[in-house]
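Spelled out, the chains give:
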Amino acid sequence: MRAATRLLLPWSSRLSYTARKGIHTSPQILSKDERPQFPGAKANWTEKLEFVKSDLYDGIPVYRVMDRDGKVMRPDQDPKLPKDKLIHMYQSMTLLNSMDKILYESQRQGRISFYMTNYGEEGTHIGSAAALEPDDLVYGQYREAGVLMYRGFPLDQFMNQCYGNELDVGKGRQMPVHYGSKDLRFVTISSPLGTQIPQAVGSAYAFKQQQKGLCVICYFGEGAASEGDAHAAFNFSATLECPIIFFCRNNGYAISTPTHEQYRGDGIAGRGPAYGIQSIRVDGNDTLAVYNATRAAREICIRENRPILVEAMTYRIGHHSTSDDSSAYRSVDEVRFWDSTDHPISRLRKYLVHNSWWDDAAEADWKKKSKTMVMQAFANAEKKLKPDWRLMFTDVYEKMTPGLKEQMKEMEDHLVKYGDHYPLKNYAKANTPLE
Ligand SMILES: Cc1ncc(C[n+]2csc(CCOP(=O)(O)OP(=O)(O)O)c2C)c(N)n1
């Protein structure tokens, strides 16, 4: 009897804990018309055998502020940003575009090994970056260089990373376009798709615990949203009530895969409510609409400690990467339509011109200036040596293990014998001891 009581004790104390926390209430039959009391869902009964249709409603509408001519449709939706900020936004978009052109060409000439352009998606980067606070933490996929550009990442550092030279903060270890900046709170990009999404949720949870009044923004493409990691992240963010903005760039393609082969629901925004996440779909080529949506998302997620999903509809005008020829799977006319008819840069420019904040002379002047800046940074980066080759053994762990030290020594001995067969003159010599 005494043993039985002992066995019962932990169970009964657990029950009272849950009751105290209001986590679980015992079901009660109140009347024969009571609502279902299953703990798993709040819903009514039905006696009609009916499946919920997946196309029950028209798609979630696409929020926009400006039309294609840069005219604001409803004046109360104009964020009325100060001129300086708008010019900084426009210049960040165009500078990114100029940098893309030079680095794309440089890859074609074999000067860098790889590149990915941002053509057509500049509005999603800049509109969202402008709506954040500088200390909000950013997790990206790889096609969000504009966020860094807006935050002031120097052109030299973009170039140093793509060249993997001795000035690259990443020490030349990753493929081009895998940027990161601790100072600008932009978490270093990695290639495996979707992995940043649950990590971003973890950071947002930490922000909540620290009550910092900051949020995390996590960018990904509609293709990456098919990864299991996206599901884990959406669900964790909702149940753990994390201040995070999921920012999906839906640009119509994941390499050669069009969206109708990627999913059959209402895009990515349509998934949000199923996770209990407030969601919005926005015109990604309308920088001001992206700004408004992200600003409102930020306010909600910080005020209420909850995730928000923003799906920015846009079009990937460039090839997927320099390893891709997109004419193999989509028509040149389709690309031309977006490039000439619905481009985020020309739309913001028209808005600026309507407000008399920009004109042809300013455009010509800025084009010249920005091209010179890009070319200068490009030439600087190309001249630099590669990092000390020994750096490939450091940072594997915080300190080099005996095994790694041994491997480094073996490589040193090897180069004493066979150094003539390696391009050693292109490599710098680290001036601090390596550990
Ligand atoms: C886990 C994983 N699977 C596959 C790839 C190869 N891959 C690189 S980019 C990409 C397409 C991603 O498309 P999307 O997320 O829509 O972004 P977009 O390139 O359109 O900006 C794929 C399949 C990868 N990097 N990681």
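Residues numbered from 1 in each chain as written. Predicted model: local features only at pLDDT ≥ 70, side-chain atom pairs only at ≥ 80, totals over all residues. Heavy atoms only, no water.

(A) Broad picture of the site of the ligand. Taken together, the neighbourhood of the ligand is formed by 17 residues, with Y142, R143, G223, A224 and Y253 sitting nearest. R143 places a side-chain nitrogen or oxygen 2.9 Å from an oxygen atom of the ligand. Here the ligand, which alone exposes 590 Å², has 73% of that area covered by the protein. In terms of residue class, the shell around the ligand is built from seven nonpolar, six polar and four charged. (Near = heavy atom within 4 Å. Polar contact = N/O pair within 3.5 Å; in protein donor to acceptor, adjacent residues only side chain to side chain. Areas by Shrake-Rupley, 256 points an atom, 1.4 Å probe, with all protein chains shown as cover. Nonpolar A, V, L, I, M, F, W, Y, C, P; charged D, E, K, R; others polar.)

(B) Examining the pairing of strand β5 (residues 244-250) more closely. With seven of seven residues buried, β5 is to be regarded as a mostly interior element. The alternating pattern of β5 places I244, F246, C248 and N250 on one face and I245, F247 and R249 on the opposite face, and all of these are buried. Here strand β4 (residues 216-221) runs beside β5; their pairing, made up of six bridges, is parallel. Paired with C218 across the strands is F246, a residue of β5. In this region the chain leaves β4, passes through helix α7 (residues 228-239) and returns to the parallel neighbour β5; the handedness of that crossover is right-handed. As judged from the six bridges shared by β5 and strand β9 (residues 308-313), these two strands associate in the parallel manner. (Buried < 20%, exposed > 50% of the residue type's maximum accessible area, 1.4 Å probe, protein only. Helix = DSSP H or I, 4+ residues; strand = E, 2+ residues; numbered from the N terminus. Pairing = 2+ DSSP bridges. Right-handed = clockwise from strand over helix to strand, strands pointing away.)

(C) Representation of the sheet that holds strand β3 (residues 186-187) within the structure. Taken in spatial order, the seven strands make up an open sheet running β1-β8-β9-β5-β4-β2-β3, and their pairing is parallel. Sheet topology places β1 (62-63) and β3 at the edges, where each strand pairs with a single neighbour.

(D) Representation of a nonpolar patch on the surface within the structure. On the surface, a cluster of nonpolar side chains totalling about 380 Å² of accessible area is made up of V52, L56 and Y57. Relative to the assigned elements, Y57 resides in the loop between α1 (2-20) and β1. (Patch = residues over 30% accessible without salt bridge, like charges linked within 9 Å, V, L, I, M, F, W, Y side chains within 5 Å. Salt bridge = Lys/Arg side-chain N within 4 Å of Asp/Glu carboxyl O.)

(E) Structural detail: the UniProt feature "domain: Dehydrogenase E1 component" (unreviewed entry) in the chain. UniProt marks residues 91-387 with the feature "domain: Dehydrogenase E1 component" (unreviewed entry), using the numbering shown here. Annotated as residues 91-387, this span is 46% helix and 11% strand, and its ends, taken at the C-alpha atoms, are 32 Å apart. (UniProt positions renumbered as here; feature names shortened; annotations may be inferred.)

(F) Structural detail: the pattern of salt bridges. Throughout the structure, instances matching the rule amount to 26 salt bridges. Among the ionic pairs, D69 bridges to K350, the shortest N-O distance being 3.9 Å. Pair noted here: D69 is in the loop between β1 and α2 (83-108) and K350 is in helix α11 (residues 344-354), with a separation of 281 residues, a long-range link. Overall, D69 belongs to the partly exposed group, its relative accessible area being 43%. Residue class for K350 comes out partly exposed when judged on its relative accessible area of 32%. Between R303 and E304 there is a salt bridge, and its shortest N-O distance comes to 3.1 Å. A residue is classified by how much of its surface remains accessible, and E304, at 36% relative accessible area, is partly exposed. One connected set of salt bridges, linked through shared partners, spans R68, D283, D286, D342 and R347.

(G) Highlighting the nonpolar core. Core analysis: the largest hydrophobic core is formed by 73 residues, its most contacted members being M99, Y115, Y179 and L348. In terms of residues, this core owes the most to one element, α2, which gives 11 residues. In contact with L348, not counting residues within four places along its chain, are M66, L86, M89, Y90, M93, T287 and L288. (Core = buried A, V, L, I, M, F, W, Y, C linked by side-chain atoms within 4.5 Å. Contact = heavy atoms within 4.5 Å.)

(H) α11, seen in detail. Taken residue by residue, α11 has P344, I345, R347, L348, Y351 and L352 as its buried positions. In an axial view of α11, the angular spread of the buried residues amounts to 165°, which keeps them on one side of the axis. (Arc of directions from axis to C-beta.)

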